[in-house]
Amino acid sequence: MSIAARVLANRAKLAPAETENVTIEKDLPVPMPDGVVLLADHYAPQGLGDRPTVLIRSVYTDRTKGAMVSRLVAERGFHVVVVSGRGTCGSGGTLTPLVSERDDGLAVLEWLRRQPWFTGELGTVGQSYNGFTQWAIAAGAGPELRAMSTSLIGSNAYDLVYPGGALALELFLGWISMVANQEKPLPVYLSAVALGGKRRARAARLLPLTEADTVAIGAVAPTGGTGWRIPTPMTRGGRAAITARRSPR
């Protein structure tokens, strides 16, 4: 274990590691019903017998740059599967924020059920957007889902994106700026962060707002046909598309 990993484990007050023997399978293909293939990494603790699985579904760089956290969890006796969402970190398709997470998440669960090491015991973890990916599947995941650890977001993402019914423009522009630059080299990313505030301020004052993304990030934000490029409550999918569905009573 590296010094940085030990420091992180201590600060997080993690339980002692059960093993430091962890194998990693990278870039595993996870097929979606529409033919898109997502990429996943699997961290497997060795010599501990059958163990539960922790699932992280992310549109951020958790899979490509977050290996330390995944390994720390695996060392404590869990299989860890990190899946990159559509259009991010090598996964196929186009990023469709908040819209495709339920269907894609349930497809990931179907893939998990076919894996020989999957015991039928599943937990999910993540905050912010990675928390929404958990809420999105909660009603349909079935008995395998035993635990969720989610924070900084609730099951109703609509009220976060449209507080009071109006688009949270600052949140939207900041989010697309982060996602658009997260896979770039660190100096480029830091430069984008340093200059991002001024760009977003210009973008927020721009009319028509449909062009604000090109000012904020220098490119068109992903739409995937969902109207996420400056989305409105009236675009296809509407409120239901970004609100986790409840189980029928």
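Placed above this text is the structure.
Residues numbered from 1 in each chain as written. Predicted model: local features only at pLDDT ≥ 70, side-chain atom pairs only at ≥ 80, totals over all residues. Heavy atoms only, no water.

Colleague: How would you summarise the nonpolar core if you had to cite specific residues and measurements?
Modeller: Of all hydrophobic cores here, the largest spans 23 residues; its most connected members are L173, W175 and I176. Among the elements of the structure, α5 (129-138), α6 (158-161), α7 (169-181) and α9 (212-217) are those that each provide at least two residues to this core. With 6 residues, α7 is the largest single contributor of residues to this core. Once residues lying within four places of it in the same chain are set aside, the contact partners of L173 are R200, A203, A204, A212 and A216. V30, M32, L112 and F118 belong to the second largest nonpolar core, which has 21 residues in total. (Core = buried A, V, L, I, M, F, W, Y, C linked by side-chain atoms within 4.5 Å. Buried < 20%, exposed > 50% of the residue type's maximum accessible area, 1.4 Å probe, protein only. Helix = DSSP H or I, 4+ residues; strand = E, 2+ residues; numbered from the N terminus. Contact = heavy atoms within 4.5 Å.)

Colleague: Outline empty space enclosed by the protein, listing residues and values.
Modeller: Under the criterion given, the structure shown has 3 cavities of 30 Å³ or more. Looking at the second largest cavity, the residues that line it are L38, R57, S58, V59, V83, S84, G85, R86, E101, D104 and T133. Breaking the lining of the second largest cavity down by element, the ones donating at least two residues are β3 (53-58), β4 (79-84) and α4 (101-113). Tallied by class, the residues present in the lining of the second largest cavity amount to 3 nonpolar, 4 polar and 4 charged. (1 Å grid on protein atoms, 1.4 Å probe; cavity = no way out; pocket = protein on both sides within 12 Å on 5 of 7 lines; lining within 4 Å. Points joined across faces, edges and corners; volume = space filled by probe spheres on them. Nonpolar A, V, L, I, M, F, W, Y, C, P; charged D, E, K, R; others polar.)

Colleague: Mind laying out the pattern of salt bridges, listing which residues take part and the relevant values?
Modeller: Any two side chains of opposite charge can pair, so long as their charged atoms come close to each other. Summed over all chains, the structure comprises 13 salt bridges. The salt bridge partner of D41 is R63, with a shortest N-O separation of 3.1 Å. Here D41, found in strand β2 (residues 37-45), pairs with R63, found in helix α2 (residues 62-65); they are 22 residues apart in sequence, far enough to count as distant. Across the pair, exposure class does not vary: D41 and R63 are buried alike. Between E110 and R113 there is a salt bridge, and its shortest N-O distance comes to 2.6 Å. Here E110 and its partner R113 are both found in helix α4, 3 residues apart, which amounts to about one turn of the helix. Under the relative-accessibility criterion, R113 is labelled partly exposed at 33%. Because the salt bridges share partners, they merge into one network encompassing K26, D27, D41 and R63. (Salt bridge = Lys/Arg side-chain N within 4 Å of Asp/Glu carboxyl O.)

Colleague: Summarise the packing of aromatic side chains; cite the residues concerned and give the values.
Modeller: The relative placement of two aromatic rings is captured by the distance of their centres and the angle of their planes. All chains considered together, the criterion is met by 3 aromatic pairs. Seen from their ring centres, Y60 and Y129 are 6.4 Å apart, and the 70 degrees between their planes marks the pair as edge-to-face. Of this pair, Y60 sits in the loop between β3 and α2 while Y129 is found in helix α5, placing the two residues 69 residues apart along the sequence. We note that Y60, like Y129, is buried. Ring geometry for Y129 versus W175: centroids 5.6 Å apart, planes at 25 degrees, classification stacked. Note that Y129 is positioned in helix α5 and W175 in helix α7, a separation of 46 residues in sequence. (Phe/Tyr/Trp six-rings, centres within 6.5 Å; stacked < 30°, edge-to-face > 60°.)

Colleague: Go over the environment of L98, please, and point to the residues and values.
Modeller: Structurally, the position occupied by L98 is in the loop between β4 and α4. Note on L98: relative accessible area 6%, which makes it buried. Note: C-alpha distance between L98 and A157 (59 residues apart in sequence) is 8.1 Å.

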